[in-house]
Amino acid sequence: MPPFGHSMRMSSPVFQILLCWGLGWASLGAQSTKPNVVIIYADDIGYGDLHCFHPSNRLKTPNVDQLATQSLRFTKAYCTGATCTPSRYSLLTGEYAWRKNGTGILPGDASAVIRSGRQTLGSLFQSAGYQTAVVGKWHLGLGDDQGANWNGFIQESPQHIGFHYSFIMAATGDRVPTVYVENSRVVNLDPQDPIQVNYKEKIGQEPTGRENPELLKMGLTHGHDFTIVNGISRIGYMSGGQQARWVDEDMADVFTQKAIQFIEKNRQTPFLLFFATQDIHVPRAPHARFVGKSGMGPRGDALLEFDWSVGAILEALQKNGLDQNTIVLLSSDNGPVIDDGYADQAEELLKDHRPAGPFRGGKYSIFEAGTRVPLLLRYPQKVEPGMSNALISQVDFLASFAAMLGQNIDPSQAPDSQNQWPALTGKDKKGRAHLITHTQVGNMKAITNGTWKYIAPSDANPFLKNTKTETGASPQAQLYHLLRDPAEKNNLAAQHPKKVIRFSRLLASQ
Ligand code: NG6
Ligand code: CA
């Protein structure tokens, strides 16, 4: 009989302890002072889309829900903008995107909005000795003022602003160019078949959704009727790069595999992984193994695909013995949208699923559902699982991680980022005094202290017909009590004129 019985496995805790002993504690000690960080950043997943945030939803997301049981779950977490580019900009730089021009939804050929020399979450972790990577959706522009050179080396890309490794799509799944970019070069490009991209006029001879709708495997409800790639028409025209084009159905597998490879390669080094999934943004074209599994059509199936990716990343951490010393954050870049341009039956098959949970509006909206997003933080043995009502903005990640790492940041470059590490780790129950949310629709802003919310008057369109979004625009000032009225139905501005003045001044002073 061996001393520890037959169940002694390489992965068993006893074996690991003996192994550490054998290797010496120094290496373990060095690792444990520098936890790895994995940020899982979903695209367009609403507060209510995840079962752990809205348990009355029938659709289960088992891997995320399991993660939630081990995490601190934030009920008052916000991205800064109701669309992708501004939220990502704020997360990486620590600056509200409305301070900087050109941070609205970017076309796929936009120049980089964050340029060399700018402090970012990536450069912060780099200066703390981490290996850093971004895998997935970028949507912050690529290239210098001339734009990206798709057929050579791309100047001004993630590697120029703090990411040692990058494997990205330039913009969104519904925007050309439909190719992956790895470390500033298009993957699998045939030099004989150069890529051209144009957002103004047609380029090349390939069919478009407008001219050849019979070629589409997914119909359209609005927009997206330019070049057809993989049976799906996109925003923008593209020619060439045939061999480099992605297959939407394989994208989650590709990104997840690249993320896992990075984890494995860096198991001995502290790392930051920014894993920005394309799920569940349109076009929702999940892999065949998820098709039909949610009963809610492609939108629900894409949620299951997202959940699978989360499970695969967590499993990779565990297999590599990294789960105890890795902080996992999970959040989303903006609120949910049902119909975002493709006829994928999201609306018809939604049934009683509530993507926004108890909140009003959705993606594009200044109402809560635009920016109130799921946020989970798992940090085994350091952060007690449970629920937090602390007010948190993703713009705080930069200063908070700087505090965790004992690094300085330049506050002039990150004017809005606050050290909320105590709130993120559950020590502080309150979080921010207030935060600002924004939508590029009508350039609207709101400010909340977690209880009250003030929406500045706006003459923007109150209802976007295409996406059926209540934008929250009103020519009147709006004031809501979010605890009593999370659905923002009762405007209390008339009853509380002093509060309205106080909040509007506070907002104007930011
Ligand atoms: C909109 C697109 C929408 C989506 C969004 C960006 C049309 C009609 N609609 O302009 O489908 O791509 O931009 O979404 O083109 S985000 O999550 O990346 O911000
Ligand atoms: Ca998004």
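Up top is the structure.
Rules used throughout
The residue numbering used here restarts from 1 in each chain and proceeds along that chain's sequence as written. All chains are assigned letters beginning at A, and all ligands numbers beginning at 1, according to the order in which they are written. Residues qualify for local features only when their pLDDT is at least 70, as the model is predicted, and side-chain atom pairs are given and counted only at 80 or more; totals for whole chains, interfaces and linings, by contrast, use all residues. Derived side-chain values reflect all non-hydrogen atoms in the structure, with water molecules and hydrogen atoms excluded from consideration. Working definition: with a 1.4 Å probe on protein chains only, accessible area under 20% of the residue-type maximum means buried, over 50% means exposed, and in between means partly exposed. Helix and strand definitions follow DSSP, with helices as H or I runs of at least four residues and strands as E runs of at least two, each counted in order from the N terminus. Pairing between two strands requires that DSSP report at least two bridges joining them. Lining residues are those with an atom within 4 Å of a point, where the points come from a 1 Å grid over the protein atoms alone and group into cavities, where a 1.4 Å probe fits but cannot get out, or pockets, open sets with protein on both sides within 12 Å along at least five of seven lines. Grid points are joined across faces, edges and corners, and a volume is the space filled by probe spheres set on the points. Each residue gets one of three labels, nonpolar for Ala, Val, Leu, Ile, Met, Phe, Trp, Tyr, Cys and Pro, charged for Asp, Glu, Lys and Arg, and polar for the others, Gly among them. Aromatic pairing here means that ring centres of Phe, Tyr or Trp (its six-membered ring) are within 6.5 Å. Orientation follows from the plane angle: under 30 degrees is stacked, over 60 is edge-to-face, and everything else is tilted. By the criterion adopted, a ring carries a charge over it if an Arg CZ or a Lys NZ lies within 6 Å of its centre and within 35 degrees of its normal. Residues are treated as being in contact if the distance between any of their heavy atoms lies within 4.5 Å. Inter-axis angles, ranging from 0 to 180 degrees, are taken between N-to-C directions of lines fitted to C-alpha atoms, where helices are fitted over the stretch in contact.

(A) How the structure looks around the pairing of strand E20 (residues 444-448). Judged by how many residues are buried, E20 sits mostly within the fold: four of five residues are covered. Pairing of strand E19 (residues 435-439) with E20, which is carried by five bridges, proceeds in the antiparallel orientation. Looking at E20, one finds that Leu435 is bridged to Thr448. Counted along the chain from E19 to the antiparallel partner E20, the turn is four residues long, and its residue Gly442 has a positive phi close to 70°. Across three bridges, E20 lies against strand E21 (residues 452-455) in antiparallel orientation.

(B) How the structure looks around the layout of surface pockets. One number sums up the size of the second largest pocket: a volume of about 380 Å³. In terms of lining, the second largest pocket is formed by 18 residues, of which the most central are Pro336, Ile338, Pro355, Gly361 and Lys468. Residue composition of the lining of the second largest pocket, by class: seven nonpolar, five polar and six charged.

(C) Spotlight on the packing of aromatic side chains. Tallied over the entire structure, the rule returns 18 aromatic pairs. The interplanar angle of 75° and the centroid separation of 5.5 Å between the aromatic rings of Tyr180 and Phe255 together place this pair among those described as edge-to-face. Taken together, the positions of Tyr180 in strand E6 (residues 180-182) and Phe255 in helix H6 (residues 251-265) put the pair 75 residues apart, joining distant regions of the chain. Each ring, one from Phe367 and one from Tyr480, has its centre 6.3 Å from the other, and the planes form 70°; the classification is edge-to-face. With Phe367 in the loop between strand E15 (342-343) and strand E16 (375-378) and Tyr480 in strand E24 (residues 478-481), this pair connects stretches of sequence that are 113 residues apart. Exposure remark for Tyr480: the relative accessible area of 4% places this residue in the buried category. Cluster of aromatic residues (ring-pair linked, three or more members): Phe125, Tyr130, Phe397, Phe401 and Trp421. Here Arg210 stacks its cationic end above the ring of Phe226, 5.5 Å away from the centre of that ring. The ring of Trp308 carries Arg289 above its face, with NZ or CZ at 4.6 Å from the centroid.

(D) Just the sheet that holds strand E5 (residues 165-169), in detail. Spatially, E7-E6-E5-E4-E13-E1-E14-E16-E2-E17 is the arrangement adopted by the 10 strands of the open sheet, whose pairing is mixed. Of all strands in the sheet, those bounded by a partner on one side alone are strand E7 (185-186) and strand E17 (386-388). Note that strand E4 (residues 131-137) and E5 share five bridges and pair parallel. Note on E5: the bridge partner recorded for Lys137 is Met169. Contacts between H6 and the sheet are confined to E4, E5, E6 and strand E13 (271-276), with E13 contributing the most and set at about 175° to the helix.

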